[in-house]
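Listed here are the chains, written in short residue letters.
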Amino acid sequence: MRVATWNVNSIGARLPRLLPWLEETAPDVVALQETKCADGAFPYLPIAALGYEVLHSGDGRWNGVAILSRIGLTDPTTDLAGQLEARYATAQCGPLRVTSVYVPNGRSLDDPHYAYKLNWLASLRDTLTDLDAVKPIMIMGDFNVALTDDDVFDIGAFGGSTHVTEPERAGVRALLEWGLVDVRARPGKGDRPFTYWDYRAGMFHQDLGMRIDYVLATPPISISDAYVDRDARKGKLPSDHAPVVVDVSFGPDLERRS
DNA sequence: ATGTCATCTTAGAGATGA
């Protein structure tokens, strides 16, 4: 089974890249972020034509998350307790409980949006309280946090910046401490599996990136491969994020239990 | 390291966010 996450930075602008990518990559489940469209404007038809059921939560201009699944999609939820923006979507997709997240950016350390980001991560952690890590659960998306200094191209360039502070990292680590595992993709071009490169200043060309998109999975989910699809960041009108693609499998007992 | 890209407002360049 193949699962992927991708911040597409507008599904409207990215549709000419997304549709052929879905055909070539053939993921069974995809978590999308930054769709930047209202529910009524989501391109359901061309995606359904490729065999996917869709759960979308969209504000319109900003944010927006989706789950695409061709192995079933039930028990949809887009409400994250106490949070108003469209940044969270969960559904049962076959044996997997899948969540797509678009964690708030934080903007700057003195901006109220930074406290909002920490609060949002706490709300995300709270959703795990009643769940059991022996079941197959995946939370994936754009976390807007680099977990370690090695997850940015040069930690010296991030003094006083968001994405690398201890409270943000602790917010994500709380998910790992609960029992989710950080599925590290094998590196692409460089020695580190970056997933985001700023559009400006030739950052992608120089591989000056950040690893801020994560796939988190519970231990029963066996990972046979995980890679960053750098090709999707190249060429004409790419997103500023690359997809993370993960191949997973389960034991027969787990297939039954879920 | 702020060099790009996407969207909305409202008709064409500016504001906003990343």
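Higher on the page you've got the structure.
In this report, the structure presented in the accompanying data block is examined. (Residues numbered from 1 in each chain as written. Chains lettered and ligands numbered in written order. Predicted model: local features only at pLDDT ≥ 70, side-chain atom pairs only at ≥ 80, totals over all residues. Heavy atoms only, no water.)

## Some words on the overall build of chain A
The helix and strand tally for chain A stands at five helices and 12 strands. Its C-alpha atoms give chain A a radius of gyration of 17 Å, within 12% of the compact-globule value 18 Å for 258 residues. If one aligns the C-alpha atoms of chain A with their principal axes, the spans along those axes are about 50 × 40 × 35 Å. Burial statistics for chain A: of 258 residues in total, 55% are counted as buried. A separation of at least 24 residues holds for 68% of the contacts in chain A among residues at least 6 apart in sequence. (Helix = DSSP H or I, 4+ residues; strand = E, 2+ residues; numbered from the N terminus. Rg over C-alpha atoms; globule rule 2.2 N^0.38 Å. Buried < 20%, exposed > 50% of the residue type's maximum accessible area, 1.4 Å probe, protein only. Contact = heavy atoms within 4.5 Å.)

## Some points on helix 3 (residues 112–126)
If you check helix 3, its first and last C-alpha atoms are 21 Å apart, about what 15 residues at 1.5 Å a residue would give, namely 21 Å. Every buried residue belonging to helix 3 is among His113, Tyr114, Tyr116, Lys117, Trp120, Leu121, Ser123 and Leu124, and all of these are buried. Along its buried surface, helix 3 packs onto strand 6 (88–93), strand 7 (96–102) and helix 4 (166–178). Looking at where helix 3 begins, the residue whose side-chain oxygen comes 2.7 Å from the main-chain nitrogen of His113 is Asp111. (Expected span 1.5 Å × (residues − 1). Polar contact = N/O pair within 3.5 Å; in protein donor to acceptor, adjacent residues only side chain to side chain.)

## Concerning the packing of aromatic side chains
Overall, the coordinates contain five aromatic pairs when judged by the stated rule. Ring centres of Trp197 and Phe204 lie 4.9 Å apart, and the angle between their planes is 85°; this geometry places the pair in the edge-to-face category. (Phe/Tyr/Trp six-rings, centres within 6.5 Å; stacked < 30°, edge-to-face > 60°.)

## Quick notes on the protein's contact with DNA strand B
Around DNA strand B lies a shell of 15 residues, among which Ser10, Arg14, Arg61, Arg107 and Arg200 are the nearest. For DNA strand B, the fraction of atoms within 4 Å of the protein that belong to sugar or phosphate moieties is 49%. Ser10 is positioned such that a nitrogen or oxygen atom in its side chain is 2.4 Å from a phosphate oxygen of DNA strand B. Contacts to DNA strand B include Arg14, whose side-chain N or O atom sits 3.0 Å from a phosphate oxygen. Each residue belonging to the surface near DNA strand B can be placed in one class, and the counts come to eight nonpolar, three polar and four charged. (Near = heavy atom within 4 Å. Nonpolar A, V, L, I, M, F, W, Y, C, P; charged D, E, K, R; others polar.)

## Some remarks on the pairing of strand 7
Most of strand 7 is tucked away, with six of its seven residues classed as buried. Sheet topology note: the strand 6/strand 7 ladder contains six bridges and is antiparallel. Along strand 7, the bridge assignment pairs Ala91 with Val98. Counting the residues that bridge the hairpin from strand 6 to strand 7 gives two residues, and of these Gly94 lies at a positive phi of roughly 60°. Summarising the sheet, strand 7 and strand 8 (residues 137–142) pair through six bridges and their orientation is parallel. Counted as the bridge partner of Val101 is Gly141 from strand 8. After leaving strand 7, the chain enters helix 3 and then returns to the sheet as strand 8, a path that is right-handed. (Pairing = 2+ DSSP bridges. Right-handed = clockwise from strand over helix to strand, strands pointing away.)

## As for the sheet that holds strand 11 (residues 222–228)
Here six strands make up an open sheet; going across it, the order is 3-4-2-1-12-11 and the pairing mixed. Pairing within the sheet leaves two strands with one partner each, and these edge strands are strand 3 (53–57) and strand 11. On average, each strand axis in the sheet is inclined to that of its neighbour by 15°, with strand direction left out of account. Sheet topology note: the strand 2 (residues 29–33)/strand 4 (residues 65–69) ladder contains five bridges and is antiparallel. Within the sheet, the bridge partner assigned to Gln33 lies in strand 4 and is Val65. (Axes fitted to C-alpha atoms, helices over the stretch in contact; angles between N-to-C directions.)

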